[in-house]
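Structural overview
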Amino acid sequence: MKDGYELVYKRPATLLDARMHYCPGCFHSTMHKIIMEVVEEMGIEEDTIGVSPVGCSVFAYNYMDIDFQQAAHGRACAVATGIKRSLPDKFVFTYQGDGDLAAIGTAETIHSCNRGENFTIFFINNAIYGMTGGQMAPTTLEGQKTSTSPYGRDIKNVGHPLRMAEMVSQLPGVAYCERLVLNTPANVRKAKKSIKKAFEIQKQGLGMTFLEVVSNCPSGWKCSPVESLDFVGEDMLKYYPLGVKKDVTANSN
Amino acid sequence: MSKKEIAFMKGNEALAEAALRAGMTGYYGYPITPQSEIMEYLTRQAPEYPNVTILQAESEVASVNMLYGAGGAGGRVMTSSSSPGYSLMQEGVSYIACAEIPSVFVNVQRGGPGLGTIQPSQGDYFQAVKGGGHGDYRVIVFAPNSVQEMVDHTILAFDLADKWRNPALILTDGAIGQMMEKIELPEHYKFRSTEDMRAEKPWATNGRKDGRKKNLLTSLNIKSEDMERKNHELQAKYAKICDEEVRYESYHLDDADIIISAYGLSSRICKKVVDIGREQGMKVGLLRPITLWPFPSKKIDELAKKENVKLFMSIEMSVGQMVEDVKLVVNGRKPVHHYGKTGGIIFTAEDVLNQIKAKI
Amino acid sequence: MAAKGFVEISVEGCKGCGLCVHHCPVKCLSLKMDDTNSFGLHYAYLSNEETCIGCANCAVICPDAAITVYRQSKAV
Ligand SMILES: Cc1ncc(C[n+]2csc(CCOP(=O)(O)OP(=O)(O)O)c2C)c(N)n1
Ligand code: SF4
Ligand code: SF4
Ligand code: SF4
Ligand SMILES: [Mg+2]
């Protein structure tokens, strides 16, 4: 390091050195990075167990230096329920895509939220099935073209995109629910704070903490990473408004 | 030493009590006839077991995946269901088998296919011993034929699941689940603390404490070579299980020239068949597999080699499933027949005897 | 005059997504268009060392945590 300079940012050690398999500019990587930053800052590496889904992030366990279980497609919330019920003092989180959480795993998601399981759900909404090559997701926007909606999502045929954060925030078992985005440095910094808050609420045992991340998929959307920022910022956020949908600690603060 | 505790209990409830005594740490289930008494009993006992999780899940799909999580975290875990529900669990069983998570399953069989009937059946033999889910895996399968064995096999299932890091299944049926018999209950296993479990199961995902490396439980082996290596490892384990864990009962087999094979409820009737047959001068014997997998192939092979043995008869409450495994071992050396009823219709000893007589 | 900050970018760790370039407030980052790393990707580099302010925006947005950021110590 040059004299007279101090370190202001470096890669967290809990994010393993392995090169992440994600496409360039994919927010899955960003989210992995900031979850590990928070885990490291809170010093809970030895007390955290993650559950990875089936989707692009199936390999999340290769990058995070914490115990991990890999779940069947859609079942991460059931798996996390089993872990957290066995180890109530540990931090447990699931990391799931929209196909995983909001299509095949809807029942497990809703019921875990409704039971007020004390774990954290990181829901990565990229409005597409990334892993299987860009098919329509339950969160694909109206008119959005995917490989199975080649003329654009037709809501008369396949229904409307699901707003999961709004849905689960209605459930009494949910203690904290927020929709985030990772499209700017400011928003990434904000998201980190929310992750930390979710873990803190988990520690207090107040109920489910649910963070929906409006994400991108440059490969599936067939655009460059920088272009994907526009679709996130303009189209996605219009339908998926940011913000805290529920916070049971709001009044006590 | 241990004092005997005698009780008069229903099969399903005895099984549930045995699970608690075996040190079960978590039960996850979904109601279905004819096994709902298991969760009902457990939820009734729950206040006495504050450290045991007993959770009614939203489906069998959720239950089996909760088992994955809780078993993977180091617990002694169980779920129970009946045929349609166990079908729904099969994806999870395959994942659990590959990730090698100790877990106990109970299938109190009812008649199928489809929604079928709530009457007892043995129609799920194939599903239980041949896989049920996808891929090359095996589940240790117990076939109790009495309420006492519901107790004994449950305890054994927990222990073998842990010993082999494998799913174990109690394959029983509505009749044994519902019948009441006098039983002897074992003492409780010593309570396992989180620290005990950490020591017993160093592979469990319970937080990478004290400098140990991170643990990972997965069934994903994306590279072909890794998948094949995993399959070889699993097969080597299964071969050992076949060597060490076969259990069966012989009833008048020594001089028998007619060999009945039957398990579970059918085997109770077939014991009577042997008794009546012998009164009538027939040399009938019964081979009762106690473990359906691993299957008592060596014993059957031994019998097939005997010159005096004339035929095999597999008696099942199905259109003939286990009979295929008997045939596989006998391999044409002796005739192998099947007799069975389905839909919950239970044959009598006389029915079976008449069927045997027709074959000789 | 010494720059307020500087960054180190891992050539092999960079995937050339360009998000850091896009978000640098003083536009002192670029993608190396005449070279690639071993993955065949044009990597990001500090193209204008004088103007970096050490704000860490690039590192925060970088999905692959390829950037380390230094800032002039207050004492200096
Ligand atoms: C039971 C089952 N059905 C289907 C699949 C195939 N599959 C793998 S990933 C996936 C969708 C993933 O999409 P999403 O959850 O949105 O994650 P992303 O890749 O977009 O992050 C599907 C359908 C599977 N692995 N298992
Ligand atoms: S396919 Fe999409 S979601 Fe998957 S890694 Fe690539 S950009 Fe990310
Ligand atoms: S630290 Fe700030 S100014 Fe320096 S390169 Fe990064 S974004 Fe640009
Ligand atoms: S954001 Fe990171 S990966 Fe993307 S170009 Fe910049 S340094 Fe490379
Ligand atoms: Mg997706």
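Residues numbered from 1 in each chain as written. Chains lettered and ligands numbered in written order. Predicted model: local features only at pLDDT ≥ 70, side-chain atom pairs only at ≥ 80, totals over all residues. Heavy atoms only, no water.

Quick notes on the domain arrangement of chain B
All names here are of chain B. According to the domain assignment, chain B contains domain 1 (5-195) and domain 2 (249-359). The centre of domain 1, based on its C-alpha atoms, is set 27 Å off from the matching centre of domain 2. Tallying the contact residues gives 29 residues for domain 1 and 24 residues for domain 2. At the boundary of domain 1 with domain 2, total buried surface from both sides reaches about 2200 Å², with 54% on carbon and sulfur atoms. For the domain 1 face of the interface with domain 2, the top three residues by lost area are Q122, Y125 and N145, together amounting to 34%. Counting the contacts that link domain 1 with domain 2 gives three salt bridges. We note a salt bridge from R288 to E149, for which the minimum N-O separation is 2.7 Å. Scanning the region where domain 1 abuts domain 2 turns up 16 residue pairs in polar contact (both at pLDDT 80 or more). At the level of secondary structure, the elements contributing two or more residues to the side of domain 1 that touches domain 2 comprise α6 (125-129), β6 (140-142), α7 (147-164), β7 (167-173) and α8 (174-178). Looking at the side of domain 1 that touches domain 2 residue by residue, the class counts come to 14 nonpolar, nine polar and six charged. (Domains from an automatic or database assignment. Contact = heavy atoms within 4.5 Å. Buried area = accessible area lost by both parts, 1.4 Å probe. Salt bridge = Lys/Arg side-chain N within 4 Å of Asp/Glu carboxyl O. Polar contact = N/O pair within 3.5 Å; in protein donor to acceptor, adjacent residues only side chain to side chain. Helix = DSSP H or I, 4+ residues; strand = E, 2+ residues; numbered from the N terminus. Nonpolar A, V, L, I, M, F, W, Y, C, P; charged D, E, K, R; others polar.)

A short note on the interface of chain B and chain A
With 35 residues of chain B in contact, the opposing surface of chain A contributes 34 residues. For the chain B and chain A pair, buried surface summed over both sides reaches about 2700 Å², with 55% attributable to carbon and sulfur atoms. The largest contributions to the chain B side of the interface with chain A come from E58, R208 and K214 of chain B, which together make up 25% of the buried area. Here chain B and chain A share three salt bridges between them. At the junction of chain B with chain A, the criterion picks out 15 residue pairs in polar contact (both at pLDDT 80 or more). Contributing elements (two or more residues each) for the side of chain B that touches chain A: β3 (53-56), α3 (60-72), α5 (90-99), α9 (194-200) and β9 (216-217) of chain B. Counting residues per element, the side of chain B that touches chain A draws most heavily on α3 of chain B, at eight residues. For the side of chain B that touches chain A, a count of residues per class yields 14 nonpolar, 12 polar and nine charged. The pairing of strand β3 (residues 67-70) of chain A with β9 of chain B spans two bridges and is classified as parallel. When the sheet's bridge partners are listed, Q69 of chain A is paired in β9 of chain B with L217 of chain B. (Pairing = 2+ DSSP bridges.)

Things to note about the coordination of the magnesium ion (ligand 5)
Geometry sets the ideal angles at a metal, namely 109.5 degrees for four tetrahedral donors and 90 or 180 degrees for six octahedral donors. Residues and elements named next belong to chain A. Within the first shell, the magnesium ion (ligand 5) binds the protein through D98 (OD), D98 (OD), N126 (OD1) and I128 (O), at distances of 2.1 to 2.8 Å. With six donor atoms in place around the magnesium ion (ligand 5) and angles of 47 to 169 degrees between them, the coordination shape is irregular. Each donor residue of the magnesium ion (ligand 5) lies on the same chain, and together they follow the pattern D-x27-N-x1-I. A residue pair is termed long-range when its members are at least 10 positions apart, and D98 in helix α3 (residues 98-104) and I128 in the loop between β5 (120-125) and α5 (155-158) qualify at 30 residues. Given a relative accessible area of 2%, I128 falls into the buried group. (Donors = N, O, S within 2.8 Å, 3.2 Å for Na, K, Ca; no water. Tetrahedral: all angles 85-135°; square planar, octahedral: opposite > 155°, others 65-115°. Buried < 20%, exposed > 50% of the residue type's maximum accessible area, 1.4 Å probe, protein only.)

Quick look at the packing of helix α1 (residues 11-21) of chain B against α7 of chain B
All names here are of chain B. For the pair α1 and α7, interaxial distance at closest approach is 8 Å and the crossing angle is 30 degrees. Accordingly, the angle class assigned to the pair α1 and α7 is roughly parallel. In the crossing of α1 with α7, the sense of the turn from one axis to the other is right-handed. Here G11, N12, A14, L15, A18 and A19 of α1 come into contact with α7, specifically with V147, M150, V151, T154, I155 and F158. Residues that form the contact of α1 with α7 fall into these classes: nine nonpolar, three polar and no charged. (Axes fitted to C-alpha atoms, helices over the stretch in contact; angles between N-to-C directions. Parallel < 35°, antiparallel > 145°, perpendicular 65-115°, else oblique. Left-handed = near helix turned anticlockwise from the far one by under 90°.)

What to know about the site of ligand 3
Near ligand 3, the surroundings consist of 14 residues, among which C24, C52, C55, A56 and C58 of chain C are the closest. Looking at side-chain class alone, the shell around ligand 3 contains 12 nonpolar, two polar and no charged residues. (Near = heavy atom within 4 Å.)

Concerning the sheet that holds strand β4 (residues 91-97) of chain A
The strands that make up a sheet pair up through hydrogen bonds in the backbone, lying either parallel or antiparallel. Spatial ordering of the open sheet is given by β8(A)-β6(A)-β7(A)-β5(A)-β4(A)-β2(A)-β3(A)-β9(B), a layout of eight strands whose pairing is mixed. Looking at which strands have only one partner, the edges of the open sheet turn out to be β8 (243-247) of chain A together with β9 of chain B. Here four bridges tie strand β2 (residues 48-52) of chain A to β3 of chain A, and the two strands are oriented parallel to one another. Opposite V51 of chain A, over in β3 of chain A, you have Q69 of chain A as the bridge partner. Sheet contacts for helix α9 (residues 225-239) of chain A: β5, β6 (174-181) and β7 (208-214) of chain A; angle to β7 of chain A, the most-contacted strand, approximately 130 degrees. Strands β3 of chain A together with β9 of chain B of the sheet are contacted by α3 of chain B, whose axis makes an angle of about 155 degrees with β3 of chain A.

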